[in-house]
Amino acid sequence: MKEKLFVGIDLGTTNTECFIIAGHNEMQELNMADAMDGCILNSIVRRDGLGNYFVGNRLKNADVYKYSWKLLKTHLDKDLTYDYDGNETSDNDSNGIKPSLFSTKILEVIRKEIDHQFSPTQYEIENLVITVPANFRDTARRTVKQAALNAGFDVKGQFKLINEPTSAAVAYGQINKNFADQKVIAYDLGGGTFDVTLLDYIKDEEEGCNFYQAISTDGKNIGGKDFDKLIIDIIYKKFLQEGNNRVYENDETFKKEFYSTLLEEAEFAKKFLSKGNVYFQEKDLIIQEKKIHLNISISREEFEKAIEPLIDETIELTKSAISGYEDLIDSIILIGGSTRVPLVKEKLSKAFSYKILDNAKVDLVVAQGACYHASSIGVNIDEKGAAVLNEILSNGIFSNIVGNVLSLDVAPGTAIPCHVEKSYYGVSVDQDSIRSVICNGRGALIEDETVDILGDLEIKGLKKEGKKPEINCIYDITDDELITVTIVSKADPKNRVSTKFSINANHTEIKNEYIEKQKIALERFKATFPSFNYKKQYERISKILKSSSNTVARELLQRLDASIRDDEKFKNLIIRISASHDHEFENNYYSKI
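Caption draft 1: A look at the overall build of the protein chain. From N to C terminus, the protein chain includes 14 helices and 27 strands. Taking all 593 residues of the protein chain together, 53% fall into the buried category. Within the protein chain, residue pairs in contact and separated by at least 24 positions form 66% of the contacts whose partners lie at least 6 positions apart. Within the structure as shown, the protein chain displays about 27,100 Å² of accessible surface, and the carbon and sulfur contribution to it stands at 46%.

Caption draft 2: Focus on the pattern of salt bridges. Considering all chains together, one arrives at 31 salt bridges under this definition. Residue Asp312 pairs with Lys347 through a salt bridge whose shortest N-O separation is 2.9 Å. Taken together, the positions of Asp312 in helix H7 (residues 300–321) and Lys347 in helix H8 (residues 342–351) put the pair 35 residues apart, joining distant regions of the chain. You can call Asp312 partly exposed: its relative accessible area is 29%. Looking at Lys347, the relative accessible area reads 15%, which means it is buried. Ionic pairing is found between Glu568 and Lys526, a salt bridge with its closest N-O pair at 2.5 Å. In this pair, Glu568 is assigned in helix H13 (residues 567–581) and Lys526 in helix H10 (residues 507–528), connecting sequence segments 42 residues apart. Under the relative-accessibility criterion, Glu568 is labelled partly exposed at 42%. A network of salt bridges, in which partner residues are shared, links Arg435, Asp456, Glu513 and Lys517.

Caption draft 3: Broad picture of the sheet that holds strand S20 (residues 396–400). Judged by pairing direction, the sheet is antiparallel, and its four strands sit side by side in the order S21-S20-S23-S24 without closing on themselves. Single-partner strands in this sheet number two, and they are strand S21 (407–410) and strand S24 (451–459). Adjacent strand axes in the sheet meet at a mean angle of 30°, parallel and antiparallel pairs treated alike. As defined by bridge partners, strand S23 (residues 434–441) adjoins S24 across eight bridges and the pair is classed as antiparallel. Across the sheet, residue Cys439 finds its bridge partner in S24, namely Ile453.

Caption draft 4: Representation of the packing of helix H4 (residues 224–240) against helix H5 (residues 252–261). Two elements in contact, H4 and H5, have axes separated by 10 Å at closest approach and are oriented at 125°. Judged on the interaxial angle alone, H5 and H4 are oblique. Crossing of H4 against H5: the hand is right-handed. Contact with H4, carried on its side by Lys229, Ile232, Asp233, Ile235, Tyr236 and Phe239, involves Phe254, Lys255, Phe258 and Tyr259 of H5 and no other residues of that element. Counted by class, the contact of H4 with H5 contains seven nonpolar, no polar and three charged residues.

Caption draft 5: Highlighting unusual backbone geometry. The omega torsion across Ile416 and Pro417 is 5°, close enough to zero to call that bond cis. By the secondary structure assignment, Pro417 is in the loop between S21 and strand S22 (418–425).

Caption draft 6: The arrangement of the environment of Leu199 in detail. Among the structural elements, Leu199 can be located in strand S13 (residues 194–204). Among residues more than four places away in sequence, those in contact with Leu199 are Pro165, Thr166, Ala169, Gln182, Lys183, Val184, Ala186, Tyr212, Gln213, Ala214 and Ile215.

Caption draft 7: Quick peek at the side chain of Ser542. Relative to the assigned elements, Ser542 resides in helix H11 (residues 534–546). Ignoring anything within four residues of it in the chain, the contact list for Ser542 reads Leu557 and Leu560.

Caption draft 8: The packing of aromatic side chains, seen in detail. Per the counting criterion, the structure on display carries 19 aromatic pairs. Look at Phe227 and Phe303: their rings are 6.4 Å apart centre to centre, the planes differ by 80°, and that puts the pair in the edge-to-face class. With Phe227 in helix H4 and Phe303 in helix H7, the pair connects residues that are 76 residues apart, well separated along the chain. Judged by relative accessible area, which is 0%, Phe227 ranks as buried. For Phe303, a relative accessible area of 1% corresponds to the buried category. The interplanar angle of 50° and the centroid separation of 5.1 Å between the aromatic rings of Phe525 and Phe529 together place this pair among those described as tilted. In terms of burial, Phe525 and Phe529 fall into one category: buried. Three or more aromatic residues joined by ring pairs make a cluster, and in this case those are Tyr236, Phe239, Tyr248, Phe254, Phe258 and Tyr259. Above the ring of Phe159, the side-chain terminus of Lys145 is found at 5.1 Å from the ring centroid.

Caption draft 9: Up close: the nonpolar core. Counting 82 residues, the largest nonpolar core has Tyr172, Tyr187, Phe239 and Phe258 as the members making the most contacts within it. The residues touching Tyr187, leaving out its near neighbours within four places in the chain, are Phe194, Asp195, Ile311, Thr314, Thr318, Ile332, Ile333, Leu334, Ile335, Thr339, Val344 and Leu348. Judged by nonpolar contacts, the second largest core, of 33 residues, contains Val45, Ile106, Ala147 and Ala151.

Caption draft 10: The confidence of the model for the protein chain, seen in detail. Averaged over all residues, the pLDDT of the protein chain is 85; the fraction at 70 or higher stands at 89%. Predicted confidence is poor over residues 60–66, with pLDDT under 50, and the contacts of this stretch with residues over four places away or in other chains come to 11 contacts.

Caption draft 11: Fine view of H13. With 15 residues, H13 should cover 21 Å at 1.5 Å per step; its first-to-last C-alpha distance of 21 Å lies within 8% of that length. Of all the residues in H13, the buried ones are Phe570, Asn572, Leu573, Ile574, Ile575, Arg576, Ile577, Ser578 and Ala579.

Caption draft 12: Local environment of H5. Considered for burial, the residues of H5 that qualify are Phe254, Phe258 and Tyr259. End-on, the buried residues of H5 take up no more than an arc of 130°, which puts them together on one face. Away from its buried face, by an angle of more than 90 degrees, H5 presents the exposed residues Glu252 and Thr253. Buried residues in H5 make contact with H4, helix H6 (263–273), strand S15 (278–287) and strand S16 (290–299). Among the residues of H5, the N-terminal cap falls to Asp251, whose side-chain oxygen and the backbone nitrogen of Thr253 are separated by 3.2 Å.

Parameters and conventions
The numbers attached to residues start from 1 for each chain and follow its sequence in the written order. Confidence filtering applies because this is a predicted model: local features only for residues at pLDDT of at least 70, side-chain atom pairs given and counted only at 80 or more, and all residues used for totals across whole chains, interfaces and linings. Derived side-chain values reflect all non-hydrogen atoms in the structure, with water molecules and hydrogen atoms excluded from consideration. A run of H or I in DSSP becomes a helix once it reaches four residues, and a run of E becomes a strand once it reaches two; helices and strands are each numbered from the N terminus. In this scheme, a residue with accessible area under 20% of its type's maximum is buried, one over 50% is exposed, and one in between is partly exposed, where area comes from a 1.4 Å probe on protein chains only. We call two residues contacting when some pair of their heavy atoms lies within 4.5 Å. Only the protein chains shown count as cover for residues, and the accessible areas themselves come from Shrake-Rupley with a 1.4 Å probe. When a carboxyl oxygen of Asp or Glu is within 4 Å of a side-chain nitrogen of Lys or Arg, the pair counts as a salt bridge. Between any two strands, pairing holds if DSSP finds at least two bridges. Helix axes are fitted only over the stretch in contact, all axes being lines through C-alpha atoms; the angle between N-to-C directions runs from 0 to 180 degrees. In what follows, roughly perpendicular refers to angles from 65 to 115 degrees, roughly parallel to angles under 35, roughly antiparallel to angles over 145, and oblique to any angle outside these ranges. A clockwise turn of the near helix away from the far one marks a right-handed crossing, whereas an anticlockwise turn of less than a right angle marks a left-handed crossing. Each residue is assigned to one class: nonpolar for Ala, Val, Leu, Ile, Met, Phe, Trp, Tyr, Cys and Pro, charged for Asp, Glu, Lys and Arg, and polar for all the others, Gly among them. Within 6.5 Å between ring centres, the rings of Phe, Tyr and Trp (the latter by its six-membered ring) count as paired, and their orientation is classed by plane angle as stacked under 30 degrees, edge-to-face over 60, tilted in between. Cation placement over rings: the criterion is NZ of Lys or CZ of Arg within 6 Å of the ring centroid and within 35° of the ring normal. Nonpolar cores were defined as sets of buried Ala, Val, Leu, Ile, Met, Phe, Trp, Tyr and Cys residues, with membership established by side-chain atoms within 4.5 Å. Per residue, pLDDT measures the predictor's confidence, with a range of 0 to 100. Multiplying 1.5 Å by the residue count of a helix minus one yields the expected span of that helix. To be clear, the arc concerns the directions from the helix axis to the C-beta atoms. Side-chain atoms alone can form a polar contact between residues adjacent in sequence; in general such a contact is a pair of N or O atoms within 3.5 Å, and within protein one must be able to donate a hydrogen while the other accepts it.

In structure tokens, the structure reads:
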């Protein structure tokens, strides 16, 4: 009988780590040949001229690699191709790579190293847990799962995704044995993403298990990579002030190459300025076949002034996540390498009165928690040391039947797994089909950048019964936030369509199609009803929005009030919001266009 392996992986923006529990042994880090400090694998993928891929930072003879990519984790929700500068490029571009393949290559290195150290003839992976940012939407989560399968992971038991802050809280719970019945803020500032989660930590002394209940979460793509860019901003401004360097000021090609050449230097400077006061370095660069001499000098004061607005933004997101619980929180746990920047802890201490814990290895704590959880999956909750996670939905799930204003069907913060049903009507009694766009994210309108279009479903053959057809939208969401949607006719329950959304769907095409249709509908409405009383409708729709308790309604009201001085924008919003929220408007006006 083969020995069981429990594997936890933190697939990070800048670094990737893996921990393993083999059988009943202690947890151990997976050391890799091309990793820093043995177990920290740089999330860099390189390709040579022959098409061979290589992963990691300790790559000898780096000049033989034709292309190099990093920082693509934040693009995992897009089925696009990116060049080595992280810019979108065509699928036919030879220097491009898709984020899904990028992730597959990193995970492939880990899988091969596991096979090398734990022979498949003697060991098998029982459970695999990979962590993702809490703000990752459905498409990005599916991409991670598919990348692991493409990398060759063969999991006998369960393969789960869990949110990075929750995973880190599990590890902190193992380290801090005195944790008991506390509410904890998990503040996770990594290389490319920021996540904050408020968790209830409950230790059941009698059963000997630990419960982690997520209460709320928030996040944004902010991290160490942004700190690095701000350091290069400082270097570039100083460079332009020296000698005759002003000639490069409007040369965007030169600036792009300057920035890409100095990314590694910026990371060194950031790490130095987390301990020292002034970073100084003389460096010769070759840019556009010209030799450029740099005298790099950056003080900690300059560095902290540059990054302070970003840290302030993370604190505002934290305040939003803990709203209503401020007096019940015990501590903040720090996660991610960017929390080593002294200003982070300093600003947190000023903003909050809670105890700040950083007694874990902030680079490794996410992978460690994933491994602990992998070993707990499937065990009885009364088994000593079991870690039981109760996650919540990080992003809202919306549908769109009319216009391109979204209806919030499943709110962020909903406990998962879950099953939710919502009812909707068509816009006409003659309608025999209804098409719905399903979205995932945080926003109020389809065109919002924070909203992903997962895909669309159309139910046909609806019975004409002299009234508007009614449908049920049914959502089934797993505990790793993967979504299945079913639309059912109320008049004929056998008439239904269902889908799990594909990561390869052309979401941008659907988004653009709906935005274009909405533009046409707006112009048609204005032409059909040139004397429409927008002021009176504003008063009516404001009352409707104020009576609603959901976040979309509140955001729409804020946008409506902010648009009053812009007549065209104001009218467009009145029409769009009314079409989705005012049945009388829909019956008397919108259905006629």
